[in-house]
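Here is what each chain is made of, one letter per residue.
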Amino acid sequence: MIKGRHLIEVNDFTLDEIEDLLNFADRIIQNQAKYSELCKGNLIATLFYEPSTRTKFSFESAALRLGAQVIGFADAMTSSVSKGESLIDTIQTMACYVDLIVIRHPKEGAPRLASKYSQVPIINGGDGGHHHPTQTLTDLLTIRSLKGTLSNLTIGLCGDLKFGRTTHSLTKTLLRYPNVNFIFISPQELKIPEYIKDEIGKERYLETDSLDNSIGDLDILYMTRVQKERFFSEEEYLRLKGYYILDQRKMKMARKDMIVMHPLPRVNEIATEVDTDERAVYFKQARYGMYVRMSLIAKMLGKGE
Ligand code: NCD
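Computed from a prediction, not measured in an experiment: that's the story for all the values here.

*Asks:* When you look at the sheet that holds strand E8 (residues 220–223) in this model, what are you seeing that I'm missing?
*Replies:* Whether parallel or antiparallel, the strands of a sheet pair through hydrogen bonds between backbone atoms. One open sheet accounts for five strands, arranged E7-E6-E5-E8-E9; its pairing is parallel. Looking along the sheet, the strands with just one partner apiece sit at the ends: strand E7 (205–208) and strand E9 (259–261). Neighbour to neighbour, the strand axes of the sheet diverge by 20° on average, direction disregarded. Pairing between strand E5 (residues 153–158) and strand E6 (residues 180–185): six bridges, direction parallel. By the bridge assignment, Gly-156 is partnered in E6 with Ile-183. Strands in contact with helix H5 (residues 133–147) are E5, E8 and E9; relative to E9, the strand with the most contacts, it is inclined by about 165°.

*Asks:* Help me understand the site of the ligand in this model?
*Replies:* Around the ligand sit Thr-55, Arg-104, His-132, Gln-135, Arg-165, Thr-166, Arg-225, Gln-227, Pro-263, Leu-264 and Pro-265, and that is every residue in its neighbourhood. Within the contact set of the ligand, an oxygen atom lies 2.8 Å away from a side-chain nitrogen or oxygen of Gln-227.

*Asks:* Can you walk me through the pattern of salt bridges in this structure?
*Replies:* Pairs can form between side chains of opposite charge whenever their charged atoms are close. Evaluated as defined, the whole model comprises 21 salt bridges. Lys-197 is the partner of Glu-194 in a salt bridge, and the nearest nitrogen-oxygen pair spans 3.1 Å. Pair noted here: Glu-194 and Lys-197 are both in helix H7 (residues 194–200), with a separation of three residues, about one helical turn. A residue is classified by how much of its surface remains accessible, and Glu-194, at 52% relative accessible area, is exposed. Take Lys-197: its relative accessible area is 5%, and that puts it in the buried class. In the salt-bridge network here, residues are joined through shared partners; they are Glu-9, Asp-12 and Arg-112.

*Asks:* Hey, could you run me through unusual backbone geometry in this one?
*Replies:* For residues besides glycine, phi is generally negative; the peptide bonds are generally trans as well. For the peptide bond that leads from Leu-264 to Pro-265, omega is 10°, which places it in the cis range. Counting through the fold element by element, Pro-265 comes out in the loop between E9 and helix H11 (282–300). Although it is not a glycine, Asn-179 adopts a positive phi angle of roughly 55°. In this structure, Asn-179 sits in the loop between helix H6 (165–174) and E6. When its relative accessible area of 44% is taken as the criterion, Asn-179 is described as partly exposed. Phi at Leu-264 takes a positive value of approximately 65°, unusual for a residue other than glycine. For Leu-264, a relative accessible area of 11% corresponds to the buried category.

*Asks:* I would appreciate a short explanation of the packing of aromatic side chains in the present structure.
*Replies:* Scanning all chains against the criterion turns up eight aromatic pairs. Centroid distance Tyr-49 to Phe-73: 5.3 Å. Interplanar angle 80°. Geometry classified as edge-to-face. One end of the pair, Tyr-49, is in the loop between strand E1 (43–48) and helix H2 (54–65); the other, Phe-73, is in strand E2 (residues 69–73), and 24 residues separate them in sequence. What makes Tyr-49 buried here is its relative accessible area of 17%. Here Phe-73 falls in the buried class, since its relative accessible area comes to 10%. For the pair Phe-182 and Phe-184, a centre-to-centre distance of 5.9 Å together with 10° between the ring planes defines the contact as stacked. There is no split in this pair, since Phe-182 and Phe-184 are both buried. One aromatic cluster is present, built from ring pairs that chain together Phe-163, Phe-231 and Tyr-237.

*Asks:* So what exactly am I meant to see when it comes to the pairing of E1 here?
*Replies:* Where burial is concerned, most of E1 is hidden: five out of the six residues are buried. Where E1 and E2 come together, five bridges link them in parallel fashion. Pairing of Ile-44 across the sheet is with Val-70, part of E2. The parallel pair E1 and E2 is bridged by H2, and the resulting crossover is right-handed. In this structure, E1 lies alongside strand E3 (residues 100–105), joined through five bridges in parallel fashion. Looking across to E3, one finds that Ala-45 is bridged to Ile-101.

Reading the values: the criteria
- Residues numbered from 1 in each chain as written.
- Predicted model: local features only at pLDDT ≥ 70, side-chain atom pairs only at ≥ 80, totals over all residues.
- Heavy atoms only, no water.
- Pairing = 2+ DSSP bridges.
- Helix = DSSP H or I, 4+ residues; strand = E, 2+ residues; numbered from the N terminus.
- Axes fitted to C-alpha atoms, helices over the stretch in contact; angles between N-to-C directions.
- Contact = heavy atoms within 4.5 Å.
- Near = heavy atom within 4 Å.
- Polar contact = N/O pair within 3.5 Å; in protein donor to acceptor, adjacent residues only side chain to side chain.
- Salt bridge = Lys/Arg side-chain N within 4 Å of Asp/Glu carboxyl O.
- Buried < 20%, exposed > 50% of the residue type's maximum accessible area, 1.4 Å probe, protein only.
- Phe/Tyr/Trp six-rings, centres within 6.5 Å; stacked < 30°, edge-to-face > 60°.
- Right-handed = clockwise from strand over helix to strand, strands pointing away.

See the structure below:
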């Protein structure tokens, strides 16, 4: 049972619980109207200490589409955080008012800390370069819906694999499924952290800096943005931000049934000419994100089927 629990990283849930969440998301997709009052009377908070478009608004639209209501902030400096209030005190206060809290924070571990002091479930909406579990649930629903399976896949993760929390959460989760293999495509400076490679085991991944040489082997290409806000030097960011640009020339080398995913926002790593290619699914992915969050909210509140 997911009811009343926190979601700080995807591994907080078993594979059965994840499947259950995805199945309920599928049922919501098939008959959204049926669930429009499922969480009537509930109130959730979105506390975003870092910028967001998809995560914040997909949570808020998910809650509203379930008949719940939402309060929160998109800029912590409009709250008593600007007066010096600690995260722990903010959380203990908000937990007095709402039934569930979604938090995004630049500091790794902040949502875990918050969960220790909260009487209501906490969902991690992204913590620094660490985890982003609800993006991973979004990615799983997208892959399962469009590829029909979460097993026997070769996924290429491309771009900023050092700071990109979406790639960390997704990799740690997909390695729990049988015969999923990884190709990590990044410049030397932005390689996937050692601790994640150690968990995967050498026989299941390759590392390369060449997208051209690997794109033809992929079932899924997961593109990511170079994470400007986590760089210490502007010069280093500017040097690396144009390293990979997916364009039609590269798409010609890919399989006909490969899909291109991206958690978004995109900066320049996918040329807009790729958007009309039917293998480009990143905006569909954003929509799956809303459905999976509807499923998650309902189940955490004990209302899911
Ligand atoms: C990602 C994030 O915040 O980590 N965005 C998202 O939630 N869809 C990716 C990013 O910011 O690059």
